[in-house]
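Fold and contact review
Each chain, letter by letter, is given below.
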Amino acid sequence: MPETVQIRLDGKVLECPVIVSTENEKAIDISKLRSTTGYITLDPGFGNTGSCQSAITYLDGDKGILRYRGIPIEQLAEQSTFVETCYLLIYGRLPNSKELDAFSTAFNEHSMIHEDMKNFFNMYPSSTHPMAGLSAMVCSMSAYYPELIKEDPTEEEINRIAVQLLSKVRTICAFSYKKSIGDPLVDPRHDLRYVPNFLNMMFSSPTKPYKIINEVVRALEVLLILHADHEQNCSTSTVRLVGSSHANLYASISAGICALWGPLHGGANQAVIEMLEMIQKDGGNVAKYIAKAKDKNDPFRLMGFGHRVYKNFDPRAKIIKQCADDLLKKLGIRDPLLDLAKRMEEVALKDEYFISRKLYPNVDFYSGIIYRAIGIPLNMFPVMFAIGRMPGWIAHWKEMIEDPATKIGRPFQIYTGPTKHDYVPIEQRS
Ligand code: CMC
C-alpha cells in the first residue's frame, strides 16, 4: 500500500498522505488540495468523504459489522445495559462496578427538570410533534443551566452536562407524552433503573400504577443500545458541525435532534408504521406497494429499507426482528403489522430491484413493532431514537472538542449562479 498518493493538476504536484485506520480502512488526505492546486473535491451527500478521525464506533457495511469501542453490538445487546453502553461510548471503556454505580447514581441526581421548564409543556399546543418539543427543550437547557456553558468547559463540567442530558431527556420525553394526553406528570423515581424509570413516568397514573414487565424493559434496553451510536450519520455529523463552532453541547445536541427528525433518518420508524397501516387499510396488497417503490415516477419509497452504508444486512435490524418476535410472543400480542412487514421483506428480498441495489431492512423496519407493543405512541418513535442516540452524540461532541486537530466545519461549494452583472435601479427594470 502506498504511503502517499500523488495528485498532478495544472502542472502542480501534491503528495497526499494515505491514512489507514485500525481496521485497515484507507483514506487519502486531500486537506492541502485546494491550497496547493486551487481545486476542491465535490461529493454531494458526502458518500465518499471522511470528515474526521474517530475512535468511537466501527462499522463495515459489506460485512454487517457494528462495534462500539471495539465491542460487537450483538454482545452489548445481549449482555449490557443502556447506561453501561452510555459509559462505554462516552468514556471509551467499560466501567468497573464502582464506576457504574457512581454513573447510575448521578443519573438519579439529575433526573428532575427545572420547575420553570415545566411551563414549556403548558405553552405548546397538545398537537406538537414531540421532536419539536424535545429539540426546543434541550436547547433551552442552556438557558436553565447556564453555569455549565462556557467556551472552555473542564472535563468535570462536560461530564456533568453529559449525565444531565442523558437523564433529563428521558424525563422531558415522558412529561411531554403525559401533557399531550392531559395526564398529570409523573416524577422520576430514585429506586428505579433508567429504563423502568422511563416506562413508569410514561405509563403510571394516580389511579393505575405501571406494572414493570422484565421482558418489556429488556426489549427497550436492547433498542436503546442498538441506537446508541452509528458513527458519522446525518444527525451526528450535524452535532459535530454545530459543535465545531464551539456552540455548547445542549445547542449542538438540539441541532442533532432536528436532523434526526426527518423520515430519511430517525423519523423512518414512524414512517414505517404509517406506511404499513396505509398498506393494510388498502387491503394488504404487498405486490402493489413493492411495484410503487420501484417506480421512478412514484415518490413512494419502502420506508425502513435501504442504507447508505449497509449493503448486505443491517446487524441492528437482525437483532430487532428477533426481539420483536420474542416480545410479542411473551406478551401474547398478535400484531398484523408484523406479519405484513415480514411479507414485505420476503417479497422485496427476492426482487431484482432490491437485490441489485442492495436494499435490506434497516434498524427502523421492525423497531416500531416493539414500540407499539410497549404502548409508545406513534409520534414518539423518533423521540425513542433520540433518547437512544444521545450517548453517541455526546461522545462525538466530546471527542471533537477534545481533539486539537478539530477545525470549524466549513465545506466549499461549486457556484452555479449568474456571473457578475450590474445592479439595475427599480424604475429601469421591465
Ligand atoms: N425504496 C425504494 N428504492 C430505494 C429505497 C427505498 N427505501 N432506498 C433506496 N432506493 C433506491 C434509490 O431510488 C436509488 O435507486 P437508483 O440507483 O435507481 O436511482 C438506489 O436505491 C440508491 O438509493 P439512494 O437514495 O441513492 O441511497 P442513499 O444512500 O442516498 O439513501 C436512504 C439511503 C436510507 C436515505 C434510502 O435508502 C432511503 O430513503 N430509505 C428509506 C428511508 C429509511 O428507511 N431511512 C432510515 C435509514 S436507517 C436509520 C438511520 O440510520 O438513519
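Remember, predicted model here, so these are calculated numbers, not experimental data. (Residues numbered from 1 in each chain as written. Predicted model: local features only at pLDDT ≥ 70, side-chain atom pairs only at ≥ 80, totals over all residues. Heavy atoms only, no water.)

1. A few points about empty space enclosed by the protein
The line we're drawing: Put plainly, a pocket is an open set of points on a 1 Å grid over the protein atoms alone with protein on both sides within 12 Å along at least five of seven lines, a cavity is a set where a 1.4 Å probe fits but cannot get out, and a lining residue has an atom within 4 Å of a point. Grid points are joined across faces, edges and corners, and a volume is the space filled by probe spheres set on the points. In this text, helices come from DSSP runs of H or I with a minimum length of four residues, and strands from runs of E with a minimum of two, each type numbered from the N-terminal end. When residues are grouped by polarity, Ala, Val, Leu, Ile, Met, Phe, Trp, Tyr, Cys and Pro land in nonpolar, Asp, Glu, Lys and Arg in charged, and all others, Gly among them, in polar.
In this structure the tally under the stated criterion is one cavity of 30 Å³ or more. By volume, the largest cavity amounts to about 30 Å³. Tyr194, Val195, Phe198, Leu220, Leu224, Met384 and Ile387 are the residues that line the largest cavity. Taken together, the elements giving at least two residues each to the lining of the largest cavity come down to helix 8 (194-203), helix 9 (214-227) and helix 18 (381-402). In terms of residues, the lining of the largest cavity owes the most to one element, helix 8, which gives three residues. Looking at the lining of the largest cavity, its residues break down into seven nonpolar, no polar and no charged.

2. Some points on the pattern of salt bridges
Selection rule: What makes a salt bridge here is a side-chain nitrogen of Lys or Arg within 4 Å of a carboxyl oxygen of Asp or Glu, nothing more. Here's how the labels work: a residue is buried when its accessible area is under 20% of the maximum for its type, exposed when over 50%, partly exposed in between, all with a 1.4 Å probe on protein chains only.
Considering all chains together, one arrives at 20 salt bridges under this definition. In this structure, aspartate 314 engages arginine 316 in a salt bridge whose closest nitrogen and oxygen atoms are separated by 2.9 Å. In this structure aspartate 314 comes out as buried when scored by relative accessible area, which is 2%. For arginine 316, a relative accessible area of 2% gives the class buried. Taking the shortest distance from any N to any O, the salt bridge between aspartate 339 and arginine 334 comes out at 2.6 Å. Assessed through its relative accessible area of 67%, arginine 334 is described here as exposed. If you follow the salt bridges from partner to partner, you end up with Glu155, Lys398 and Glu402 in one network.

3. Section: the sheet that holds strand 6 (residues 71-72)
Rules: Should DSSP find at least two bridges between two strands, the strands are regarded as paired.
The three strands lie next to each other as 4-5-6, forming an open sheet whose pairing is antiparallel. The strands lining the two open edges of the sheet, one partner per strand, are strand 4 (57-60) and strand 6. Note that strand 4 and strand 5 (residues 65-68) share four bridges and pair antiparallel. Bridge pairing in strand 5 links tyrosine 58 to arginine 67.

4. A look at the packing of aromatic side chains
The line we're drawing: Ring pairs shown here join Phe, Tyr and Trp side chains whose ring centres sit within 6.5 Å, with only the six-membered ring taken for Trp; geometry is labelled stacked below 30 degrees between planes, edge-to-face above 60, and tilted in between.
The final tally for this structure, using the stated rule, is 16 aromatic pairs. Judged by centre distance (6.0 Å) and plane angle (80 degrees), the rings of tyrosine 91 and phenylalanine 103 are edge-to-face. Note that tyrosine 91 is positioned in helix 3 (residues 82-91) and phenylalanine 103 in helix 4 (residues 97-109), a separation of 12 residues in sequence. Centroid distance phenylalanine 120 to tyrosine 144: 6.3 Å. Interplanar angle 65 degrees. Geometry classified as edge-to-face. Of this pair, phenylalanine 120 sits in helix 5 (residues 118-123) while tyrosine 144 sits in helix 6 (residues 130-144), and the two are 24 residues apart along the sequence. The class for tyrosine 144 is partly exposed, based on a relative accessible area of 24%. An aromatic cluster is present here, built from Phe82, Tyr87, Tyr91, Phe103, Phe107 and Tyr194 joined pairwise through their rings.

5. A look at the side chain of arginine 389
The cut-off we apply is this: All tallies of charge rest on Lys and Arg as positive and Asp and Glu as negative; His and the ends of each chain are not included. Contact between two residues is taken to exist if any of their heavy atoms lie within 4.5 Å; hydrogens are not considered.
Counting through the fold element by element, arginine 389 comes out in helix 18. For arginine 389, which is buried and forms no salt bridge, the nearest opposite charge comes from aspartate 229, at a distance of 4.9 Å. The contact partners of arginine 389, leaving out residues within four places of it in the chain, are His227, Ala228, Asp229, His230, Asn233, Ser235, Thr236, His265 and Arg316.

6. Describing the domain arrangement of the chain
You'll often see interface size given as the accessible area lost when the parts meet. To keep things clear, this is the line we draw: Each domain span listed reflects an automatic or database assignment of domains. When two components associate, each loses some accessible surface as probed by a 1.4 Å sphere; the sum of these losses over both components is called the buried area.
Each assigned domain of the chain is listed here: domain 1 (4-65), domain 2 (71-262 + 380-401) and domain 3 (268-374). Relative placement of domain 2 and domain 3: their C-alpha centres are 27 Å apart. The contact between domain 2 and domain 3 buries some 1900 Å² in all, and 76% of this surface belongs to carbon and sulfur atoms. A per-residue breakdown of the area domain 2 buries against domain 3 is headed by Leu223, His230 and Phe381, which together make up 34% of the total. Taken together, the links from domain 2 to domain 3 amount to zero salt bridges. Broken down by secondary-structure element, the contributors of at least two residues to the side of domain 2 that touches domain 3 are helix 2 (73-79), helix 8, helix 9 and helix 18. Ranked by the residues each element gives to the side of domain 2 that touches domain 3, the list is headed by helix 9, at eight residues.

7. What to know about the packing of helix 7 (residues 155-180) against helix 11 (residues 249-261)
Rules: In this analysis, axes come from line fits to C-alpha atoms, helices being fitted only over the stretch in contact, and the angle between any two N-to-C directions falls in the range 0 to 180 degrees. The scheme is simple: roughly parallel for angles under 35 degrees, roughly antiparallel for over 145, roughly perpendicular for 65 to 115, oblique for anything else. Two helices crossing with the near one rotated counterclockwise from the far one by less than a right angle form a left-handed crossing, whereas a clockwise rotation gives a right-handed crossing.
Where helix 7 contacts helix 11, the axes come no closer than 11 Å and their chain directions differ by 40 degrees. Relative to helix 11, the element helix 7 is oriented oblique. When the axes of helix 7 and helix 11 are compared, the crossing they make is right-handed. Packed against helix 7, whose contacting residues are Ile161, Ala162, Gln164 and Leu165, the element helix 11 presents Leu249, Tyr250 and Ile253 at the interface. Partitioned by chemical class, the residues of the contact of helix 7 with helix 11 number six nonpolar, one polar and no charged.

8. Some words on the sheet that holds strand 2 (residues 12-20)
The antiparallel open sheet is built from three strands, whose spatial order is 1-2-3. Two strands lie at the open edges of the sheet, namely strand 1 (4-9) and strand 3 (26-28), each paired on one side alone. Strand after strand, the sheet turns through a mean of 25 degrees between neighbouring axes, direction not considered. The sheet contact formed by strand 1 and strand 2 spans six bridges and is antiparallel. Each residue of the ladder has a partner; that of arginine 8, found in strand 2, is valine 13.

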